[in-house]
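Chain by chain, the residues run as shown.
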Amino acid sequence: LKAAGPGMIAERSLNLILFTLFTLLIWNWLRAKVPAGWRLAAVALLCTGHAMVFSYRSGRYDVTGMLLAAAVLNLWPRAGLPLFALGLFIPAAGLQLVPSTLVLCTLAVLVLGTPALRSAITLTAGAAAGGAALWAFYASHGVWQGFRASTSAIGLIGHSIPEKLKALPAVYTHEIGRASCRERV
């Protein structure tokens, strides 16, 4: 944001630029996989979906995660330093991306087999290193405990797995998130 400047217009402009890069990376990834017409339809659907429009028209950080995911898609068959470097930024782009990365890497290995194992290990190692760096940054500035407290009051974070499974339907109706926030405050 320092490069874009302060203010809502600058933040939204930065998101539009990042979303444009995301769209170009998705187009590039689809180029070898589908014909041009389908590629155009896929990109048009991405650009007009409600969640996507909300993300790139707001000042939120979500587009950064989408850009990282698109970059990973473009690098996926290859392992090595570029994939590890992308993994470093996953925790900073949003902590929710860490478990998503683990799940998607596991699925990739299950579906694609051994050839995907090296890339999965490289990406998750980068994400782990990025998580450690984020923790070190917060801890060195004395804000780790405050950050942890602010994120553990959201939804079901901090609950046991059986409690999460028991509350699963309510999570999607947003009943449990409000209740657990009130209970913890």
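Only a predicted model underlies this, so the values are computations on that prediction, with no experimental measurement involved.

**Q** Would you mind showing me how to read the packing of helix H1 (residues 8–31) against helix H4 (residues 62–75) here?
**A** For any two helices packed against each other, the geometry is given by the interaxial angle and the distance between the axes. Where H1 contacts H4, the two axes come as close as 9 Å, and the packing angle between them is 20°. In terms of their interaxial angle, H1 and H4 are classed as roughly parallel. In this structure, H1 meets H4 at a crossing whose hand is left-handed. Side by side, H1 and H4 meet where Asn-15, Leu-18, Phe-19, Leu-21, Phe-22, Leu-25, Ile-26, Asn-28 and Trp-29 of the first sit next to Val-63, Thr-64, Met-66, Leu-67, Ala-70, Ala-71, Leu-73 and Asn-74 of the second. Within the contact of H1 with H4, the residues separate by chemical class into 13 nonpolar, 4 polar and no charged.

**Q** I keep staring at the packing of aromatic side chains and nothing clicks. Help me out?
**A** Describing an aromatic ring pair means giving the distance of the ring centres and the angle of the ring planes. Counted under the stated rule, the structure contains 5 aromatic pairs. Taking the centre distance of 6.1 Å and the plane angle of 50° together, the rings of Phe-137 and Tyr-138 count as tilted. By the ring-pair criterion, three or more aromatic residues cluster together here, those being Phe-137, Tyr-138, Trp-144 and Phe-147. Between the NZ or CZ atom of Arg-39 and the centre of the ring of Trp-27, over which it lies, the distance is 4.6 Å.

**Q** Just to check I follow, could you spell out the nonpolar core for this structure?
**A** A general feature of soluble globular proteins is that nonpolar side chains tend to end up buried together. Ranked by internal contacts, the top residues of the largest apolar core, which has 14 residues, are Val-72, Trp-76 and Leu-123. Within the residue set of this core, elements represented by two or more residues are H4, helix H5 (81–93), helix H6 (97–112) and helix H7 (117–140). The dominant element in this core, judged by the number of residues it contributes, is H5, at 4 residues. One finds Ile-26, Leu-30, Val-63 and Met-66 within the second-largest nonpolar core, a separate group that totals 12 residues.

Calculation rules
Residues numbered from 1 in each chain as written. Predicted model: local features only at pLDDT ≥ 70, side-chain atom pairs only at ≥ 80, totals over all residues. Heavy atoms only, no water. Axes fitted to C-alpha atoms, helices over the stretch in contact; angles between N-to-C directions. Helix = DSSP H or I, 4+ residues; strand = E, 2+ residues; numbered from the N terminus. Parallel < 35°, antiparallel > 145°, perpendicular 65-115°, else oblique. Left-handed = near helix turned anticlockwise from the far one by under 90°. Contact = heavy atoms within 4.5 Å. Nonpolar A, V, L, I, M, F, W, Y, C, P; charged D, E, K, R; others polar. Phe/Tyr/Trp six-rings, centres within 6.5 Å; stacked < 30°, edge-to-face > 60°. Lys NZ or Arg CZ within 6 Å of the ring centre and 35° of its normal. Core = buried A, V, L, I, M, F, W, Y, C linked by side-chain atoms within 4.5 Å. Buried < 20%, exposed > 50% of the residue type's maximum accessible area, 1.4 Å probe, protein only.

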